[in-house]
Amino acid sequence: MTDTTRRSDRLPLPPQKFQGQIGITYKDSQPGVPTVLSAPENAPNILVVLLDDVGFGHASTFGGSINMPTLQKLADEGLRYNRFHTTALCSPTRAALLTGRNHHTAHTGVVMEMATAYPGYDGVVPKDCASIAEVLKQNGYNTAAFGKWHLTPIYETSVAGPFDRWATGLGFEYWWGFHGGETDQWNPPLYENTIPTQKPQDDPNWHLSEGMAEKCVTWIAQQKAAAPDKPFFVYWAPGAGHSPHHVSKEWADRYEGKFDHGWDRQREITFERQKQLGVIPSDTQLTPRPDSIPAWDDCSPDEKRLYARMQEVFAGFIEHVDAQIGRVVDTLETMNLRENTLIIYIVGDNGPSPEGSLTGTLNGMKSMQGFPDDVSTMLKHIDEIGSPRFENNYPVAWGWAGSSPFQWMKQIASHFGGTRNPMVVSYPARIKDKGSLRSQFHHVIDLAPTLLEVAGIPEPREVNGVPQKPIEGTSIVYTWDDKDAPSRRITQYFEILSNRALYHNGWVAGCRHGKLPWQESGGTDFEEDIWELYNIERDFAQANDLASQNPQKLRELQDLFMAEAAKYNVLPLDDRFANRADTNLRPSYIKGKQRFVYLPETVRLPEATSPNTKNVHHTLAAEIVIPESGAEGVLVACGGLAAGYTLFIKDNKLHWEHNWFTSDRYRVSSTESLPLGHCIVSAEVKVDEEGKPGTGGTVTLRVGEQVVGEGRFEKQVPYWFTFNETFDVGCDTISPVSDAYESPFTFTGTIERVLVDLSGATFDDRAAKADIAMAIQ
């Protein structure tokens, strides 16, 4: 191309001096300073503590037998609330707390593991219900979460994401904790933000609650070092006291002998203390034990010894976690932050757990799937309860005792035993009526608007471009200066698994529906439901059912429940329980796939996002290279201590094992040593009755086409191995499926690839009798 520009036009211009604010160099410019997002003046730091599965009658501060010095200290500096309510279940309470909307509005009518496609129950927190963490972050706060999350749909908990509903996607700039409803406190499957991580490997006594305290203290120190005047919002949600009840013997032994009187007497002792402390009215009546729960006096001496120890371990577990909260509070005091820090300490996200069954258990996954533990077997391990060896939970009756003076417990949203939890609020710079009690009726949805009011931030109409549903909670700040102020929460519905209730202006109508909370199936039809009616202004504990005396008031509240249910996404009522494990009820990236090929780097894949081998014909195969020196280790495994399967090599033999809740182990081993070099090993599993939960079957081990081992298993885990452990190739992370090795038992040879085949095709009827190698390739 010809350049037609004149030469003179290309000569540089002579130097010129420009006038005005903006010039060629910094000497001729006066730049503006970028503004830094800042919170409203004097906005406080905020620490919200949420314990798990702890009842109204557990903490010493509210009359219970468990010593909680940190809770007591904060109560002495602040306020106790004795009419604060949760939803009766884990995920729903957390969604309500963090969004300020009812749990069905936030699409979290049940726990994540039981989500279905109904809008109120799909587990997908919608964008129009922005979390309080997101709002605070966008108004100048730093935000961090520690511990249990349990708000990510289970099919989104893998590295494939999406991460919108992980803690870091819902407003928290930092998260260190675990997914799912429960975890091993000694060896949890941890995440840091969105990356799998692990506990320190050089500390055999490490415990999750202690690790949470250390991480939280470090984060606060670093945040204040970098931005001293920037407030923080910390959400600290431990696994305690959800099962497994894990704590060292030192802490459990603090309660040695203190529960030998049993649950009936313990409930009475708690009730008496509650009256002495004034946390319940003097005219409160103690509700009786349900006929479905055994009396302590009817237990055998062996049962009493076992059950008392289980409660000792639980009590030590709770005192231990309270001490870790104390470490965080001490740090705030050391840093001179305590005066302007609002601390909200909620003693439980629902009532006490019923999931340990009537007998208690050493394996919570076993009892939750309908298999009670044997007392004589558990008694042999009484000194190991609380240790890393077991995933223990106490009997239902201790949960009932811990809900004193109320009826029922966790899951039962129809009664206060499931929904009423103690709460302490401490804010030295603002609350002057220290050590006092507040009795206004409030709900967990009231905390988000409370935080906004205290921070001086208006409720947003739009967040990240999405118009917001109005916050459904009511701030509790009005109660701080006026202990006699009338309740501003006039109406509140409750619903979990079709157990339902409606509070309105001092009255509660409730209906316990269906199965008992420690059963995995059974119950009644909706047409057989019996509603109860209570005037809770005169009857604090719901001891006197007035339904027959005041049918008109009952009808009024029943109708109001239906109106609230229609308004807040509660309908249709859904009382399914164990059968919600059906994978067809929720999305999945692998739905319909029958053949999976994995590379050895595949680890920490959540069970829910791995091939579901339960109750179907399937083949596990691995293409490996065994060096001349030999090799051992796990080829593929899913699950852990509680239950699972594993295919591994040890002592130069191939082994397949199904861990049936630790109490039964079915292992098939090769009869001869494996060859050195390249080979393909496989385990072909044929079930007796495909699709039947828990069915038995046979296992055939092969090296190439040669059969090297055969065996049988009489039963298998029907629904879930664990709620938090994983599928791994080339190792077995977190806790070991088999007692023949210790985790991670990494394979010391070479794995080329691993196949999981769910097609149902047997080795002999594959097309052209193609061998496993062809299937892999």
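All of these numbers come straight from a predicted model, not from anything done at the bench. (Residues numbered from 1 in each chain as written. Predicted model: local features only at pLDDT ≥ 70, side-chain atom pairs only at ≥ 80, totals over all residues. Heavy atoms only, no water.)

Turning next to the overall build of the protein chain. A count of helical and extended segments in the protein chain gives 14 helices and 30 strands. Here the C-alpha atoms of the protein chain give a radius of gyration of 29 Å, agreeing with the 28 Å that 2.2 N^0.38 yields for 777 residues. Each principal axis of the C-alpha distribution contributes one length, and for the protein chain these read about 110 × 80 × 50 Å. In the protein chain, the share of contacts with a sequence separation of at least 24, taken over all contacts with a separation of at least 6, comes to 74%. With the model as given, the accessible surface of the protein chain reaches about 30000 Å², and the carbon-plus-sulfur share is 50%. (Helix = DSSP H or I, 4+ residues; strand = E, 2+ residues; numbered from the N terminus. Rg over C-alpha atoms; globule rule 2.2 N^0.38 Å. Contact = heavy atoms within 4.5 Å. Areas by Shrake-Rupley, 256 points an atom, 1.4 Å probe, with all protein chains shown as cover.)

Below, the discussion takes up the packing of helix α1 (residues 69–77) against helix α7 (residues 301–334). The interhelical angle for the contact between α1 and α7, taken along N-to-C directions, is 45°, at an axis separation of 8 Å. One element, α1, and the other, α7, form an angle in the oblique class. In this structure, α1 uses Pro-69, Thr-70, Leu-71, Lys-73, Leu-74 and Glu-77 to contact α7, whose residues at the interface are Asp-322, Ala-323, Ile-325, Gly-326, Val-329, Asp-330 and Glu-333. Looking at the contact of α1 with α7, its residues break down into six nonpolar, two polar and five charged. (Axes fitted to C-alpha atoms, helices over the stretch in contact; angles between N-to-C directions. Parallel < 35°, antiparallel > 145°, perpendicular 65-115°, else oblique. Nonpolar A, V, L, I, M, F, W, Y, C, P; charged D, E, K, R; others polar.)

On to the confidence of the model for the protein chain, then. On average, the protein chain scores 93 in pLDDT, and the residues at 70 or more come to 95%. This model gives residues 1–11 a pLDDT under 50, and the stretch forms two contacts once residues within four places in sequence are excluded. (pLDDT = per-residue confidence, 0-100.)

On to the pattern of salt bridges. Here the structure, examined in full by the defined rule, presents 42 salt bridges. We note a salt bridge from Asp-330 to Lys-73, for which the minimum N-O separation is 3.9 Å. One end of the pair, Asp-330, is in helix α7; the other, Lys-73, is in helix α1, with 257 residues separating them in the sequence. Two residues, Lys-715 and Asp-664, come together in a salt bridge whose shortest N-O distance is 3.3 Å. In this pair, Lys-715 sits in the loop between β28 (706–713) and β29 (726–729) while Asp-664 sits in strand β25 (residues 664–669), placing the two residues 51 residues apart along the sequence. Its relative accessible area of 26% is what places Lys-715 among the partly exposed residues. For Asp-664, a relative accessible area of 27% puts it in the partly exposed group. (Salt bridge = Lys/Arg side-chain N within 4 Å of Asp/Glu carboxyl O. Buried < 20%, exposed > 50% of the residue type's maximum accessible area, 1.4 Å probe, protein only.)

Turning our eyes to something else, we now look at the sheet that holds strand β18 (residues 532–535). Pairing is antiparallel in the open sheet, where four strands are placed in the order β15-β16-β17-β18. Both outer strands of the open sheet, β15 (491–496) and β18, are each paired with one neighbouring strand and no more. Each strand axis lies, on average, 10° off the axis of its neighbour in the sheet, ignoring direction. When strand β16 (residues 499–504) meets strand β17 (residues 507–511), the two strands line up antiparallel, connected through five bridges. Within the sheet, the bridge partner assigned to His-504 lies in β17 and is Trp-507. Together, β15, β16, β17 and β18 form the strand contacts of helix α13 (residues 551–567), whose direction differs from that of β16 by roughly 110°. (Pairing = 2+ DSSP bridges.)

Attention now goes to helix α2 (residues 90–99). The buried fraction of α2 is high, at 10 of 10 residues. Within the sequence span of α2, burial applies to Cys-90, Ser-91, Pro-92, Thr-93, Arg-94, Ala-95, Ala-96, Leu-97, Leu-98 and Thr-99.

Bringing the side chain of Thr-419 into the picture now. One can find Thr-419 in helix α11 (residues 416–419). For Thr-419, a relative accessible area of 1% translates into the label buried.

Here the focus is the sheet that holds strand β10 (residues 423–426). Spatial strand order, β7-β6-β5-β4-β8-β1-β9-β10-β2-β11: 10 strands in an open sheet with mixed pairing. The outermost strands of the open sheet, each flanked by one partner alone, are β7 (195–197) and β11 (436–438). Averaged over all pairs of adjacent strands, the angle between their axes in this sheet comes to 15°, without regard to strand direction. Sheet topology note: the strand β9 (residues 341–346)/β10 ladder contains four bridges and is antiparallel. Within β10, the residue paired with Ile-346 across the bridge is Met-423. Sheet strands in contact with helix α12 (residues 447–455) are β1 (45–50), β8 (232–237), β9 and β10, and its direction is about 170° off that of β9.

Right, let's talk about the environment of Tyr-741 for a bit. Tracing the backbone through its elements, the reader meets Tyr-741 in the loop between β29 and β30 (750–757). On the basis of relative accessibility, which here comes to 4%, the residue Tyr-741 falls in the buried class. Residues Tyr-741 and Gly-633, 108 residues apart in the sequence, show an inter-C-alpha distance of 8.5 Å. Within the structure, the side chain of Tyr-741 is placed 3.0 Å from the side chain of Thr-646, a separation counted as a polar contact. Within the local environment of Tyr-741, its side chain forms a polar contact with the side chain of Asp-732, the two groups lying 2.8 Å apart. (Polar contact = N/O pair within 3.5 Å; in protein donor to acceptor, adjacent residues only side chain to side chain.)

Attention shifts here to the packing of aromatic side chains. For the coordinates displayed, the defined rule picks out 37 aromatic pairs. Summarising the aromatic geometry, the rings of Trp-660 and Phe-661 are spaced 4.9 Å apart at their centres and angled 70° between planes, so their arrangement reads as edge-to-face. Connected via pairs of aromatic rings, a cluster forms that spans Tyr-255, Phe-259, Trp-263, Trp-296, Tyr-307 and Trp-398. Cation over ring: Lys-258 sits above Tyr-255, and NZ or CZ is 5.4 Å from the ring centre. Just above the ring of Phe-577 sits the side chain of Lys-515; from NZ or CZ to the centre is 3.9 Å. (Phe/Tyr/Trp six-rings, centres within 6.5 Å; stacked < 30°, edge-to-face > 60°. Lys NZ or Arg CZ within 6 Å of the ring centre and 35° of its normal.)

Right, let's get into a negative patch on the surface. A contiguous patch of negative charge on the surface is contributed by Asp-525, Glu-527, Glu-528 and Asp-575. For Asp-575, the location among the structural elements is in the loop between α13 and β19 (595–598). (Patch = residues over 30% accessible without salt bridge, like charges linked within 9 Å, V, L, I, M, F, W, Y side chains within 5 Å. Lys, Arg positive; Asp, Glu negative; His and termini not counted. Charge placed at Lys NZ, Arg CZ, Asp CG, Glu CD.)

This part covers helix α6 (residues 262–277). The end-to-end C-alpha distance of α6, which contains 16 residues, comes to 22 Å, matching closely the 22 Å that a straight helix rising 1.5 Å per residue would cover. For α6, every residue scored as buried is listed here: Gly-262, Trp-263, Gln-266, Arg-267, Ile-269, Thr-270, Phe-271 and Gln-274. Against α7 and α10 (396–401) lie the buried residues of α6. Just beyond α6, the residue with positive phi is Gly-278, at close to 80°. (Expected span 1.5 Å × (residues − 1).)

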